Amino acid sequence: MEILAPAKINLMLAVTGQRPDGYHDLVSVAAPLAFGDKLYLEWMKGSAEEDTLTISGSELAVTPDNLVFKALRAFREKVPLPKGSFSVKLEKQIPVGAGLGGGSSDATATLRALNVWAESPLSESEMLALAGSIGSDCPLFLENGPVLMEGRGEKITALGENVTAFLKKRKVLVFKPPFGIDTAWAYGQFRKNPQYYYSSEDAACLLMSWKKKGADKPFVCCNNFESVAFRKYPLLGVCIKRLKEEGLTACLSGSGSACFCLLDGKYDEKRIVSMLKDLVGDSIFITTTSFLHGAGQIN
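First, a word on scope: everything that follows refers to the structure included in this document. (Residues numbered from 1 in each chain as written. Predicted model: local features only at pLDDT ≥ 70, side-chain atom pairs only at ≥ 80, totals over all residues. Heavy atoms only, no water.)

**Concerning the packing of aromatic side chains**
At step 1: Enumeration according to the criterion identifies 9 aromatic pairs in this entry.
At step 2: Ring centres of tryptophan 43 and phenylalanine 86 lie 4.7 Å apart, and the angle between their planes is 55°; this geometry places the pair in the tilted category. Here tryptophan 43, found in strand S2 (residues 24-45), pairs with phenylalanine 86, found in strand S4 (residues 84-91); they are 43 residues apart in sequence, far enough to count as distant.
At step 3: Look at phenylalanine 86 and you get buried, because its relative accessible area is 1%.
At step 4: An angle of 45° between the planes, with centres 4.7 Å apart, marks the rings of tryptophan 43 and tryptophan 117 as tilted. Residue tryptophan 43 is found in strand S2, and its partner tryptophan 117 is found in helix H2 (residues 102-117); the two are separated by 74 residues along the sequence.
At step 5: Exposure remark for tryptophan 117: the relative accessible area of 27% places this residue in the partly exposed category.
At step 6: Through a chain of ring-to-ring contacts, three or more aromatic side chains come together here, namely Tyr187, Phe190, Tyr197 and Phe225. (Phe/Tyr/Trp six-rings, centres within 6.5 Å; stacked < 30°, edge-to-face > 60°. Helix = DSSP H or I, 4+ residues; strand = E, 2+ residues; numbered from the N terminus. Buried < 20%, exposed > 50% of the residue type's maximum accessible area, 1.4 Å probe, protein only.)

Shown next as C-alpha cells:
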C-alpha cells in the first residue's frame, strides 16, 4: 500500500499557557499541504519477525521511539491481527525539525493505511482518539482540509467552506534554513518567559477572523513561537520581514524553523526564491506547493 503523509503549516498559532499535565494549551488554524512524505506498507503474511521500518531521503535514524513504530504498536493493541509483520518504507521529503509535522503525519498515514488494510475496524472517532494518543499533531492529519486545533492540539474541528475556498486560490512557498528548532526547547522558552504567551482573549480574537472568513473578510496569520525563535535565530525574522515588505502573507510554521508565504498570480515566484537564497544561501530548502483537498488516496 502507498500513501501520502502530507506536511502541514500553521496559518495561525497561539500558545496560551501551560497545563497541569505539562502540555501547553493552544489555539491554531492548521492546513495540510499537497507536499509530503511517501509511505509504503507491506504485510508479511505468517512472518514471525517484528515490524520493520526503513527510511530513505533523510539521515533520520530508525529507532524504537519513531512515531511510525508507535502507530504500529497502538493499532496492534486495538485491533487483533493474524500472525505476520509489517514492512514499512518511508521516503522522506519533509525536513526534520521544521515545524511541518513530518513525524506526526507519518504516524497518522500509518494508522490510515493499517485501518484500510484491516477493512476499517476503527471508526472515525476511534481513529481520532488513537491518533491523539500518539502525538498532539496527529489528529489533524485525519481531516481533509484546514482545521481548528484546540486543547493541546487533540481537539479538531474542520473549518468552513469559505476558508477552504480561500486557500484553494493560493500556492504555498515553504522554506527552511539549514538548521532546525527543537520543539521541547521552544516550549521551554515560554515557561521561562511567560510574557510570550498569548492571552485566551487574544487567541479568541485572532480565531474569530478565521471563523468569519469570507471572500472580503480579513484574516490574521500569526504565531507566537516567532517571539521565541527570532531571538535565537534572527535570520528567520529577517526573511519574514522582507517577505512582508513584498506585500506577502508570511509566517513561521509550528515551532519552526520552516516558514511559509502565500502566493497568488500577481507575485513573481522566481524573484521571491532568488531573494530567499540571497538571504540564507544555497543550502536553503524551498518548495512551492498547494493546499491538500481530500485525505489522500491509498493505493
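This is not the end of the story, as more comes after the structure.
**A few points about the packing of helix H8 (residues 234-245) against helix H9 (residues 269-280)**
At step 1: The N-to-C vectors of H8 and H9 enclose an angle of 155°; their axes lie 11 Å apart at closest approach. With respect to each other, H8 and H9 are oriented roughly antiparallel. Considering only the axes of H8 and H9, their crossing is right-handed. Only Ile272, Met275, Leu276, Leu279 and Val280 of H9 make contact with H8, whose side of the interface consists of Leu235, Val238, Cys239, Arg242 and Leu243. (Axes fitted to C-alpha atoms, helices over the stretch in contact; angles between N-to-C directions. Parallel < 35°, antiparallel > 145°, perpendicular 65-115°, else oblique. Left-handed = near helix turned anticlockwise from the far one by under 90°. Contact = heavy atoms within 4.5 Å.)

**Thoughts on the sheet that holds strand S10 (residues 259-263)**
At step 1: Spatially, the 4 strands line up as an open sheet ordered S9-S10-S7-S11, and their pairing is antiparallel. The two strands at the open ends of the sheet, each matched to only one other strand, are strand S9 (249-252) and strand S11 (285-290). Going from strand to strand, the sheet's axes swing by 20° on average, the running direction of each strand aside.
At step 2: The pairing of S9 with S10 spans 4 bridges and is classified as antiparallel. In the sheet register, alanine 250 faces S10, and the bridge partner there is cysteine 261.
At step 3: Helix-sheet contacts for H8 involve strand S7 (171-176), S9 and S10, and the interaxial angle to S9 is about 165°.
At step 4: Contacts between H9 and the sheet are confined to S7, S10 and S11, with S7 contributing the most and set at about 15° to the helix. (Pairing = 2+ DSSP bridges.)

**Remarks on the nonpolar core**
At step 1: If you look at the biggest cluster of nonpolar residues, it comprises 38 residues, and the most contacted ones within it are Leu173, Phe175, Phe190, Phe225, Leu236, Leu243 and Leu276.
At step 2: In terms of residue count, the dominant contributor to this core is H9 (5 residues).
At step 3: Setting aside residues up to four positions removed in sequence, phenylalanine 225 forms contacts with Leu13, Val15, Ala186, Tyr187, Phe190, Leu252, Gly254 and Ser255.
At step 4: Counting residues in hydrophobic clusters, the runner-up holds 32 residues, among them Leu11, Val174, Leu206 and Ala258. (Core = buried A, V, L, I, M, F, W, Y, C linked by side-chain atoms within 4.5 Å.)

**Re the layout of surface pockets**
At step 1: If you add up the space inside the largest pocket, you get close to 1100 Å³.
At step 2: Considering the residues around the largest pocket, the lining is formed by 46 residues, among which Leu67, Gly101, Ser104, Asp137 and Thr183 are closest to the centre.
At step 3: Elements represented by at least two residues in the lining of the largest pocket include exactly strand S1 (2-18), S2, helix H1 (67-78), H2, helix H3 (124-134) and helix H5 (183-192).
At step 4: Tallying contributions element by element places H2 first for the lining of the largest pocket, with 4 residues.
At step 5: When grouped by side-chain class, the residues that make up the lining of the largest pocket number 18 nonpolar, 20 polar and 8 charged. (1 Å grid on protein atoms, 1.4 Å probe; cavity = no way out; pocket = protein on both sides within 12 Å on 5 of 7 lines; lining within 4 Å. Points joined across faces, edges and corners; volume = space filled by probe spheres on them. Nonpolar A, V, L, I, M, F, W, Y, C, P; charged D, E, K, R; others polar.)

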